[in-house]
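Residue-level structure breakdown
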Amino acid sequence: MKFVVKFFSEIAIKSKPVRRRLVGQLRENLKSVLLEFDPDIQVRKAWDKLQVETSIEDPVQLQLMVAAMRNTPGITYILEVVESPLPALEDIAERVLPIYGPRLEGKTFAVRCKRTGSHDFTSVDVEREVGAALLAQSGAAGVKLKHPEVRVELEISKKTLFVIGRRYRGLGGYPVGSVDPVLSLISGGFDSPVASYLTMKRGMRTHFLFFNLGGRDHEVGVKEVALYLWQKYGCNQRVLFISVPFEEVVAELLTRIQDSQMGVILKRMMLRVADRIARDLEIDALVTGEAVAQVSSQTVRNLAVIDEVCTSLVLRPLVATDKEVIVRMANEIGTGEFAANMPEYCGVISVNPTTRARLERVRAEEERFDMAILDRALAGVTRTRIDRLAEEELLRTDVEVLSVPLAQSTIIDIRHPDEEELAPLDVHVPVEKIPFYQLHSKAAGLNPDTTYMLYCGKGVMSRLHASHLVDSGLTRVKVYAP
């Protein structure tokens, strides 16, 4: 099977050196993503496209490969093509009919040809010749140049004919890793994962920074959504998941700071720590999910006061976005379900929060805060490569990973329903389907006397959750990793 990958349009207008660098990064990202499906995958560069060739013929695997390419930033379209040497004009229809003939039965169609190179015919000549042959030799209802039911798509490149069997829309954006890295403050709600997705889509290698305000469940949930974003859109780029213990900061705020100022000052403390971590990592920008006026701490005045403590650039991709749009985007990219099932924790809730913080008053309040606490928080920071999060969790508990199901066990398939539907699990033991984003809330209903084996395909989410379930008291939990 062969695919032609079309770049995002902004890549095509760059200077030659920049374009060469962006296309090279996209090629490396695609190859890294597709090697999981085909160790012999071929990804070749051309000036205006990439060509992907695989020997895989299994329809399910091909669908999964297409889905992976569609989630790779930097791509506008993925074209499933049949390639052949360019025949004579009158013979082109013979290459098209086997692919489009069955689809044209009873439907209107139009032929569209894109041509590059020097030929003794025009694109319109091809469209007329092929259209006439298809009309005569198929059961098509007729030719309709505007809004046809079927578009017959061809591309001619010098001496090669590409018959486009299917066209899939990509994400657009720039290849991940082609733009400077950023550090994203992620909490697991609707906003910050969408903001992180947008920076990844724009080509920024996005590291994740989590401030733990108190609660292992919340931390596991945030690790889960960060893993999901990285696995789906991150192109296997090496990024960090950084966790900062902030419980002592919360306790100090509640003890020392006036109620109305706590929200703004908490954000200032977070930015102080994030700024220092970013400098250590040589990262120039922080990312947050804040939108103007969404909550009291996010007025323009308050955001200006918050940013005053930070030397790094603070990017807010959602700054002018309505909440309902953010929720819709979260559902589209697959993080909405995480937010809806996220164990929330917030120990800093002001009764009457300020919406117009005054810098001098905030500074006066902070004089009462013991800044040594921030140093202790920084000393307790953990940095883990995101692809090793699951292994880190397994080190905390003794969870067995097995390649075959145990007799009398029950497998819990924690994959997303879309993934599970595409490739159902075929094993000889009972299978219970609980998507990973619901596993925490449904864990209390699991039988402690049953041996459960978690399965997730790649084995990362299952390892993460197995460790957490064992910590929660379910001792007979294992990982199924065939």
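Residues numbered from 1 in each chain as written. Predicted model: local features only at pLDDT ≥ 70, side-chain atom pairs only at ≥ 80, totals over all residues. Heavy atoms only, no water.

A word on a negative patch on the surface. On the surface, a cluster of negative charge is made up of Glu-90, Asp-91, Glu-94 and Glu-129. Residue class for Glu-94 comes out exposed when judged on its relative accessible area of 57%. (Patch = residues over 30% accessible without salt bridge, like charges linked within 9 Å, V, L, I, M, F, W, Y side chains within 5 Å. Areas by Shrake-Rupley, 256 points an atom, 1.4 Å probe, with all protein chains shown as cover. Salt bridge = Lys/Arg side-chain N within 4 Å of Asp/Glu carboxyl O. Lys, Arg positive; Asp, Glu negative; His and termini not counted. Charge placed at Lys NZ, Arg CZ, Asp CG, Glu CD. Buried < 20%, exposed > 50% of the residue type's maximum accessible area, 1.4 Å probe, protein only.)

Let's shift gears to the packing of helix H9 (residues 262–280) against helix H13 (residues 359–366). Packed helix pairs are characterised by how far apart their axes lie and by the angle those axes make with each other. With their axes 11 Å apart at the nearest point, H9 and H13 run at an angle of 75° to one another. One way to sum up the angle between H9 and H13 is to call them roughly perpendicular. Facing H9, whose interface residues are Val-264, Ile-265, Arg-268, Met-269 and Arg-272, H13 presents Leu-359, Val-362, Arg-363, Glu-365 and Glu-366. Within the contact of H9 with H13, the residues separate by chemical class into five nonpolar, no polar and five charged. (Axes fitted to C-alpha atoms, helices over the stretch in contact; angles between N-to-C directions. Helix = DSSP H or I, 4+ residues; strand = E, 2+ residues; numbered from the N terminus. Parallel < 35°, antiparallel > 145°, perpendicular 65-115°, else oblique. Contact = heavy atoms within 4.5 Å. Nonpolar A, V, L, I, M, F, W, Y, C, P; charged D, E, K, R; others polar.)

Under the counting rule described, the total for this entry stands at 25 salt bridges. When the shortest N-O distance is used, the salt bridge between Arg-279 and Asp-275 registers 2.8 Å. Of this pair, Arg-279 and Asp-275 both sit in helix H9, four residues apart, which is roughly one turn of the helix. According to the relative accessible area criterion, Asp-275 is buried, its value standing at 3%. One salt-bridge network, in which partners are shared between bridges, spans Arg-268, Arg-272, Glu-308, Arg-363 and Glu-366.

A separate point is the UniProt feature "active site" (unreviewed entry) in the chain. Per the UniProt entry, the sites bearing "active site" (unreviewed entry) are Cys-456 in this numbering. Looking at the secondary structure, you find Cys-456 in the loop between strand S18 (451–455) and helix H18 (460–471). When residues no more than four places from it in sequence are discounted, the contact partners of Cys-456 are Ile-414, Arg-415, Glu-419, Met-461 and Ser-462. (UniProt positions renumbered as here; feature names shortened; annotations may be inferred.)

So, on to the state of the cysteines. Note: disulfide means a covalent bond formed between the sulfur atoms of two cysteine side chains. One pass over the structure, following the stated rule, counts zero disulfides. Cysteine Cys-235 is unpaired, with the sulfur of Cys-456 as its nearest cysteine sulfur at 19 Å. (Disulfide = S-S within 2.5 Å.)

Attention now moves to the side chain of Gln-237. Along the chain, Gln-237 falls in the loop between helix H7 (216–233) and strand S11 (240–245). Within the local environment of Gln-237, its side chain forms a polar contact with the side chain of Asn-29, the two groups lying 3.1 Å apart. Setting aside residues no more than four positions away along its own chain, Gln-237 makes contact with Gln-25, Asn-29, Val-176, Gly-177, Arg-205 and Trp-230. (Polar contact = N/O pair within 3.5 Å; in protein donor to acceptor, adjacent residues only side chain to side chain.)

Now for the sheet that holds strand S3 (residues 50–53). Spatially, eight strands are ordered S2-S3-S1-S4-S8-S7-S5-S6 in an open sheet, and the strand pairing comes out mixed. In the strand order of this sheet, the two ends are held by strand S2 (42–45) and strand S6 (142–143), each with one partner. Of the pairings in the sheet, the one linking strand S1 (residues 2–7) to strand S4 (residues 75–85) comprises six bridges and is antiparallel in character. Within S4, the position partnered with Phe-7 by the bridge is Ile-75. Strands in contact with helix H3 (residues 59–70) are S1, S3, S4 and strand S8 (160–172); relative to S8, the strand with the most contacts, it is inclined by about 60°. (Pairing = 2+ DSSP bridges.)

This next bit is on empty space enclosed by the protein. This model, assessed by the stated rule, comprises three cavities of 30 Å³ or more. Here the second largest cavity defines a volume of roughly 50 Å³. As for the second largest cavity, its lining consists of Asp-48, Lys-49, Lys-114, Arg-115, Thr-116, Glu-155, Ile-156, Ser-157 and Phe-162. Among the elements of the structure, strand S5 (108–116) and strand S7 (150–157) are those that each provide at least two residues to the lining of the second largest cavity. Residues that form the lining of the second largest cavity fall into these classes: two nonpolar, two polar and five charged. (1 Å grid on protein atoms, 1.4 Å probe; cavity = no way out; pocket = protein on both sides within 12 Å on 5 of 7 lines; lining within 4 Å. Points joined across faces, edges and corners; volume = space filled by probe spheres on them.)

What follows deals with the packing of aromatic side chains. All told, the structure shown has six aromatic pairs when counted by the stated rule. Their ring planes at 80° and their centres at 6.1 Å tell us that Phe-8 and Tyr-174 sit as a pair that is edge-to-face. Of this pair, Phe-8 sits in the loop between S1 and helix H1 (9–12) while Tyr-174 sits in the loop between S8 and strand S9 (179–185), and the two are 166 residues apart along the sequence. When the centroid spacing of 4.9 Å and the interplanar angle of 65° are considered together, the rings of Tyr-197 and Tyr-233 count as edge-to-face. Taken together, the positions of Tyr-197 in helix H6 (residues 191–201) and Tyr-233 in helix H7 put the pair 36 residues apart, joining distant regions of the chain. Grouping residues by exposure puts Tyr-197 and Tyr-233 together as buried. Above the face of the Trp-47 ring, Arg-19 is positioned so that its terminal group lies 3.8 Å from the ring centre. (Phe/Tyr/Trp six-rings, centres within 6.5 Å; stacked < 30°, edge-to-face > 60°. Lys NZ or Arg CZ within 6 Å of the ring centre and 35° of its normal.)

Side chains of Leu-135, Val-143 and Leu-145 sit close together on the surface and give an oily, nonpolar patch of about 270 Å² of accessible area. Mapped onto the elements, Leu-145 comes out in the loop between S6 and S7.

Our next topic: the nonpolar core. Ranked by size, the top nonpolar core spans 53 residues in total, and within it Phe-208, Leu-227, Leu-229, Ile-386 and Ile-412 carry the most contacts. Sorting elements by how many residues they give to this core places H7 first, with nine residues. Both domain 2 (179–387) and domain 3 (397–480) contribute no fewer than three residues apiece to this core. Non-local contacts of Phe-208, meaning those with residues more than four positions away in its chain, are made with Leu-183, Ser-184, Ile-186, Ser-196, Met-200, Ala-226, Leu-229, Val-239, Leu-240, Phe-241, Ile-242 and Ile-386. Counting residues in each nonpolar core, the second largest holds 40 residues, with Ile-242, Val-305, Val-314 and Leu-378 among its members. (Core = buried A, V, L, I, M, F, W, Y, C linked by side-chain atoms within 4.5 Å. Domains from an automatic or database assignment.)

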